[in-house]
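Residues per chain are reported as follows:
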Amino acid sequence: MRDVKQLTKLFGQKTADTVGNAKILVVGAGGIGCELLKDLSVSGFKHIKAVDLDTIDLSNLNRQFLFQRRHIKRSKAQVAVQAIQEFNPSLDASFEQANIKQTDFDVDWFSQFDLVFNALDNLDARRHVNSMCLAAHVPLIESGTAGYLGQVTVIKGGETECFDCHPKPAERKTYPVCTIRSTPTAPIHCIVWAKDYLFAQMFGEQAPDEIETSAEGGQDDLEELKQLKEESKELAKLADAMGSSDFTKLIFQKVFDNDITRLLSMKDMWKQRQPPHVLHFDQLEQSTSGAHNLALIDDHLPLSLEQAFVLFQESADKLAQRLVEEGNRRQGAFLAFDKDDEDALHFVAAAANLRSYAFGIEAKSIFTIKAMAGNIIPAIATTNAIVAGMMVLQGILVMSGRLAECHTAYLSYNSKRPRSIIKEGLAEPNPLCSVCRRRYLTLRVANCAQTTLGDIVNYINRLEGTVHDLSLGEEISIVEGSRILYDFDYDDNLQKPLAELGLGPGKMVTLSRDDESSGSNDTVSVILSIAKPLYNQDNEQPSSPLSIEGFELIPKFAPIPKSVKDEASEDPNGNKTSNDNVNAGDTVNDLEETGFAVEQDGAIVIDDEYGKDEPNADANGIQNISNELAKRKLDEIDANNVQSTKRRATEDTKTADSIEIID
Amino acid sequence: MRRSSSENLTATDTKRMRNESDKAQLYDRQLRLWQKTGQAALEGSRVCVLGSSALAAEALKNLVLPGIGELVVIDDARVNEQDIKTNFFVRPDDKGKPRAQCIVENLSELNPDVRGSAIVMAPTDVVTASSSEQENATILLDAASLVIACNQPESLVCKISQRCWTSGTPLIVANSAGFLARIRTSVAEHAVIESHVDTKPDLRLMCPFPALRSHVDSINLDTLDSTDLAHVPYIVLIIKALQKFASKHSGNADASGWEGYPSSLKWEEKSELRALIRQLATVKPDEENFEEATNSVMPQCVRYEIPTEIKVILEDPAASVDSNAAAVESQSNMQQINSKFWLLANALRRYVESDYAQGKLPLSGKIPDMKADTSGYIALQRIYKEKAEQDKNELIKHVADVLTASRLPADFISQEEIDIFAKNANLLRLVRTSSVHNEYANGPSDLDMLSMNELLSHYALFRASDAFFSKHVRYPGAPAPSTEQAARSSLTAEDLNKLVESDTSELVGMANELLAKWQPNNHENGGQKNTVSDELAAEFARSGHCELHNVASVCGGVIAQEAIKLITHQYVPGNNIFVFDGVQGRLLSAKV
Ligand SMILES: [Zn+2]
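Residues numbered from 1 in each chain as written. Chains lettered and ligands numbered in written order. Predicted model: local features only at pLDDT ≥ 70, side-chain atom pairs only at ≥ 80, totals over all residues. Heavy atoms only, no water.

Looking at an unreviewed UniProt entry, one finds chain B named NEDD8-activating enzyme E1 regulatory subunit and attributed to Coemansia spiralis. Of chain B, the UniProt comment under Function (unreviewed entry) reads exactly: "Regulatory subunit of the dimeric UBA3-ULA1 E1 enzyme." Per UniProt, chain B has the following entry under Pathway (unreviewed entry): "Protein modification; protein neddylation." (UniProt positions renumbered as here; feature names shortened; annotations may be inferred.)

Under an unreviewed UniProt entry, chain A has the name E1 ubiquitin-activating protein uba2 and belongs to Coemansia spiralis. If you open the UniProt record of chain A and go to Pathway (unreviewed entry), you find "Protein modification; protein sumoylation." Reading the Sequence similarities (unreviewed entry) entry of the UniProt record for chain A gives the comment "Belongs to the ubiquitin-activating E1 family."

Structure below.
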């Protein structure tokens, strides 16, 4: 058994126990994930779940040390968890080979964890986990590395900056269609053309042409776009010739001869620009016959025109052959560009370079094109090791209730600095953040095939004037991401069941005041996480007071933005309680510790409905989930701590314009 | 069945190519950082480690993964209960086995290309060499590309340091105590050609070379329409404006502007130049390229000067002495890197002093991305590249001269090496640290920097902890190693607390004594006397010098990062001492 005495020695028994009992989620079992799982398993954490959809690739092995060659193509999450389990057989470690964005991982699923670690490499998934942790009110340790650079921070809803508090630069740059298809001026334009247009059209999934004909540039652009659509169609037709001996020749002549000739005919286009020139297949074939051995291509040197020509033919032939074989096995087979697929990479590199030669643009090496086409971020073991070690140290601080001592740490490669890790205290949430300065509520729906969007709207309207008033006013709008589901002018969806709208457990919708003045700075909005009803363990029946609508709304310890607090204090129902009440019972501390209340906001909202109507109601259900944690944490609070917590609560209520509603 | 020889050859070739492409794939993400040259240096390296605790294992993990050539671990410790808890590279059933062997075995699994070996021997025996086995270990140590000493006592570290210093081998000394750790790097001399330092591009705007001049002359801004004007690269715009500036100030409005072309601008002249640039924009003044031009005035319109770091290298006596061929040729590959650097620096000095270069370094030939049309940009790119090529060819002549003078073969330095050197002439770096044995004997050389960078207390306590060990043969807060097993089981919590308490006060005393010794003039200056905090000392003693895995993990990352920089001779090593404080999450560094 590997027990960690050091932790006890250095941090105290209570922290060691908390850490040992905590349920930990690690999202991502890649570069940072492997280090993190190792560190957790050696640091006294016992209950660990890892989620990762990826499988192991050769290019992972220079840093993802829990994997070896024999594991290639196997699930990262599985192999990583097996490795740490082998090291420490007493661990309760489990894994899911799944996309963290999949809907089974709903707010209830996230709620089971005491701490979540993000070890992801893409913004989209990091954003998603950020909002799920906000919805489930679970603290999140966030991380990222790129080459020698790294970053670690702690996110706790309502108390710290969240991942989305400040806009992040887009991961991928987008280019105007015309630059890519007609007037490239830089190597990247040719690479994007080769990968996203030529490769995708030839070998990819047959998708409708992505060009929208609603150009802003007036008649000329419209004309050009029409031409481009025509080009794509012709190319799609050529794909039928795949497998025939002159396939590559046909493609070559189409894109480097015919299409360029047509571009040249648009005289206006080249008034201000250097015109491209046509590449002739027969000429190139003659000049390369037998002379160019592919083995002589150095991946690190720019391709010559002849090399690109030979490589283009060879890789196009190989890809075509693969696709034809695949097509014989199953209908609708296609290839997706993968930077680690040599044939695909060679095809894109060759095509991009040929286009560069045609347009008088600098040629690039295969090595460079791989990074540009594959968005490769350099990655090494050392940075991941440092970042993961810092993450676990932060995690221990969070688990021992020392959030105030946590920080954002940046690892810079300029190690001449006196501080190689630059440390900043955790920042306050951005008051205008559209992600964390929202109330997160859970909407429990028994049957998404029956409950309609209209039912939700009615339900919310009925809350008006009660203690649960969401303060959204009479007119609300409902959106999912950027999709509008309902607003004052758009009620087409009201009769549709949620399921038909693609809504169900694991999804989130935002309710906002349908009021033009509110704009994007509207902090009154409420985000509803859709979830299944909580079942009573005894009789497998929804234990909630089933209303006619068949759903219930659980305002779970939502941090209420200031403007809402103001309105709440004017609540006519007189649910306002005095400060004495807060201090009277240990309930408050209990609640604070279980995460039912957010003390910084000083507002504690408990849904009275469940307590009143149903003794066995969901509020208790939730309490059960967190009971163990609550007990542990309560054990930890010595007399001193309780006092200071109380004092803080009192001070907060005195200074802040907040109220506590306790049933 | 018989195969023709040509078929055989193809098969072998294919296999070799397969292996290379396999490696390229495996190391792809790091090749992006240090390219093929860095990888080759790593694969040719041998790292020798004294100690096999979690700290050593974590550092080695980060070196085995990117593919160092060989690792040798020297230690006689046997796996105990503690190791099984903190060291990820020993297994639960390894208890009692030699720890060096266990970690080498487990680490080797991470990368089959790395040769690993363990020498089960007390690290202290390595420097005494009384048996043939010890002699072998000493030879291994001397032949290492890099030595790492993890949690070794001060007396041994001093001896190792002397040895490494003599052979020119870089040394990293690391110690950890609970949440605290110290990492010290030392290298007598370390040359970096590919420093990857971010500096402003060398564009020669204040001293345009002939080809650049005639290119600018060939462009007539007055005939361009608004679209074309918006595509003129800012390099051209600035030079045009500087020409205007010159003709304005030379009092001759007809002059081309090359006469009296300024070689530097005063502060107020820069504003004047910006105004001149804006005047060039006859049509639309708010184009991106004009903005790039006005923004580049501040960094680019300064007198051409060789950067200080490069001047120091050129003025170093080593850049003026011809090498001793016999000595250079007998060096290991690692040692030859520095020797080659000095041969090249010698050639570079001759180049800079030549009539051709007139005090300037070879041009790198790189120009940054800028707003421009393709043909205009490519034309500029070609002009800079051609000049860089010319400069390099000129430098090659001087390299040949230096090699001849040193009686070395003409191909001792390859064309590729000269090429990389010429491209990086503006970015060269030379690192010389103090030696560990000198520091231990005389105290840190830069006490102020330690104090300013807030790690003096930590530093003093680590040194005091070393002194404590020298005196008691145990670290503060830890029972003596001989009685450790027995002591741990019989020690009550109260005993331990008492031990920690008394050790803390002794440690504080020792640390303050050291501080007083290092700053004898403190009283005279009337300055604030530095003292260590009791709290931090207690942290030391409480740890009993035990290892915490997360601290080992972070520090293993830092050690490996510095080791990779030293082995690849790429990127600039950090300051020579790092202190990690895991409680505060701080990684501090300074020079000692
Ligand atoms: Zn936010």
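What follows picks up the thread again.
(A) Looking closely at the overall build of chain B. Per the secondary structure count, chain B includes 26 helices and 10 strands. The C-alpha extent of chain B, read off along each of the three principal axes, is 95 × 90 × 45 Å. Here chain B, with 592 residues, has 57% of them falling under the buried criterion. Within chain B, counting contacts between residues at least 6 apart in sequence, those at least 24 apart form 73% of the total. Total accessible area on chain B is roughly 25,100 Å²; 49% of this is exposed by carbon and sulfur atoms. (Helix = DSSP H or I, 4+ residues; strand = E, 2+ residues; numbered from the N terminus. Buried < 20%, exposed > 50% of the residue type's maximum accessible area, 1.4 Å probe, protein only. Contact = heavy atoms within 4.5 Å. Areas by Shrake-Rupley, 256 points an atom, 1.4 Å probe, with all protein chains shown as cover.)

(B) Structural detail: the side chain of Glu547 of chain B. All names here are of chain B. Inspection of the secondary structure puts Glu547 in the loop between helix H25 (534-543) and helix H26 (549-568). It turns out Glu547 is buried and unbridged, and the closest side chain with the opposite charge, Arg99, is 6.4 Å from it. A polar atom in the side chain of Glu547 sits 2.8 Å from the side chain of Ser53. Reaching out from Glu547, the side chain makes a polar contact with the backbone nitrogen of Ala54 at a distance of 2.9 Å. (Lys, Arg positive; Asp, Glu negative; His and termini not counted. Salt bridge = Lys/Arg side-chain N within 4 Å of Asp/Glu carboxyl O. Polar contact = N/O pair within 3.5 Å; in protein donor to acceptor, adjacent residues only side chain to side chain.)

(C) Broad picture of the interface of chain B and chain A. Taken together, the contacts link 81 residues of chain B with 71 residues of chain A. When chain B packs against chain A, close to 6,600 Å² is buried across both sides, 56% of that on carbon and sulfur atoms. Area buried by chain B at its contact with chain A is led by Arg29, Arg32 and Phe88 of chain B, which between them contribute 13% of it. Here chain B and chain A share six salt bridges between them. Ranked by the residues each element gives to the side of chain B that touches chain A, the list is headed by H26 of chain B, at 11 residues. (Buried area = accessible area lost by both parts, 1.4 Å probe.)

(D) How the structure looks around the coordination of the zinc ion. Residues and elements named next belong to chain A. The zinc ion binds to the protein through Cys162 (SG), Cys165 (SG), Cys433 (SG) and Cys436 (SG), with metal-donor distances spanning 2.2 to 2.3 Å. One way to put it: the four donor atoms around the zinc ion meet at angles of 98 to 116°, and that makes the site tetrahedral. All donor residues of the zinc ion come from one chain, and their arrangement in sequence is C-x2-C-x267-C-x2-C. A single burial state applies to Cys162 and to Cys165, both of which are buried. (Donors = N, O, S within 2.8 Å, 3.2 Å for Na, K, Ca; no water. Tetrahedral: all angles 85-135°; square planar, octahedral: opposite > 155°, others 65-115°.)

(E) Region of the structure containing the nonpolar core. Leu66 of chain A together with Phe580 of chain B are the most contacted members of the largest nonpolar core, which has 112 residues in total. Top contributing element to this core by residue count: helix H15 (residues 381-399) of chain A, with 12 residues. Excluding residues within four positions of it along the chain, Leu66 of chain A makes contact with Cys34, Leu37, His71, Val79, Ala80, Ala83 and Ile84 of chain A together with Phe88 of chain B. In this structure, Ile297, Phe309, Ala320 and Ile369 of chain A belong to the second largest nonpolar core, which totals 57 residues. (Core = buried A, V, L, I, M, F, W, Y, C linked by side-chain atoms within 4.5 Å.)

(F) Representation of the sheet that holds strand E1 (residues 23-27) of chain A within the structure. Residues and elements named next belong to chain A. Taken together, eight strands build an open sheet; the order of strands is E3-E2-E1-E4-E5-E6-E7-E8 and the sheet is mixed. One side of each edge strand has no neighbouring strand; the edge strands of this open sheet are strand E3 (92-96) and strand E8 (421-425). Averaged over neighbouring strand pairs, the angle between their axes works out to 15° when direction is ignored. Relative to E8, strand E7 (residues 407-411) runs antiparallel, the two being bridged by five bridges. When the sheet's bridge partners are listed, Thr408 is paired in E8 with Glu424. Lying on the sheet, helix H4 (residues 76-87) is in contact with strand E2 (47-51) and E3; it crosses E3 at an angle near 170°. (Pairing = 2+ DSSP bridges. Axes fitted to C-alpha atoms, helices over the stretch in contact; angles between N-to-C directions.)

(G) Region of the structure containing the state of the cysteines. Applying the stated criterion to the full structure yields zero disulfides over all chains. The thiol of Cys190 of chain A is unpaired, and the distance to the nearest cysteine sulfur, on Cys178 of chain A, comes to 15 Å. (Disulfide = S-S within 2.5 Å.)

(H) Region of the structure containing the packing of helix H13 (residues 342-359) of chain A against helix H14 (residues 366-374) of chain A. All names here are of chain A. Interaxial distance between H13 and H14 falls to 10 Å at its minimum, and their mutual angle equals 100°. In terms of orientation, H13 lies roughly perpendicular with respect to H14. Together, Leu345, His346, Val348, Ala349 and Asn353 of H13 and Ile366, Ile369, Lys370 and Ala373 of H14 make up the contact between the two elements. Residues of the contact of H13 with H14, tallied by class, amount to six nonpolar, two polar and one charged. (Parallel < 35°, antiparallel > 145°, perpendicular 65-115°, else oblique. Nonpolar A, V, L, I, M, F, W, Y, C, P; charged D, E, K, R; others polar.)

(I) Representation of the side chain of Asn60 of chain A in the model. All names here are of chain A. Tracing the backbone shows Asn60 in the loop between E2 and H4. What makes Asn60 buried here is its relative accessible area of 7%. When neighbours within four sequence positions are excluded, Asn60 is seen to be in contact with Thr55 and Lys76.

(J) Main features of the sheet that holds strand E5 (residues 171-177) of chain B. All names here are of chain B. Judged by pairing direction, the sheet is mixed, and its eight strands sit side by side in the order E3-E2-E1-E4-E5-E6-E9-E10 without closing on themselves. The open sheet terminates on both sides in strands that have one partner only, identified here as strand E3 (115-119) and strand E10 (586-590). Strand-to-strand twist of the sheet, defined as the mean angle between neighbouring strand axes without regard to direction, takes the value 15°. Here strand E1 (residues 46-50) pairs with strand E4 (residues 146-150) via four bridges, running parallel.

(K) Molecular detail of the environment of Glu562 of chain B. All names here are of chain B. In this fold, Glu562 is placed in helix H26. Glu562 gets classed as buried once you look at its relative accessible area, which sits at 3%. For the pair formed by Glu562 and Phe179, sequence separation is 383 residues and the distance between their alpha carbons is 21 Å.

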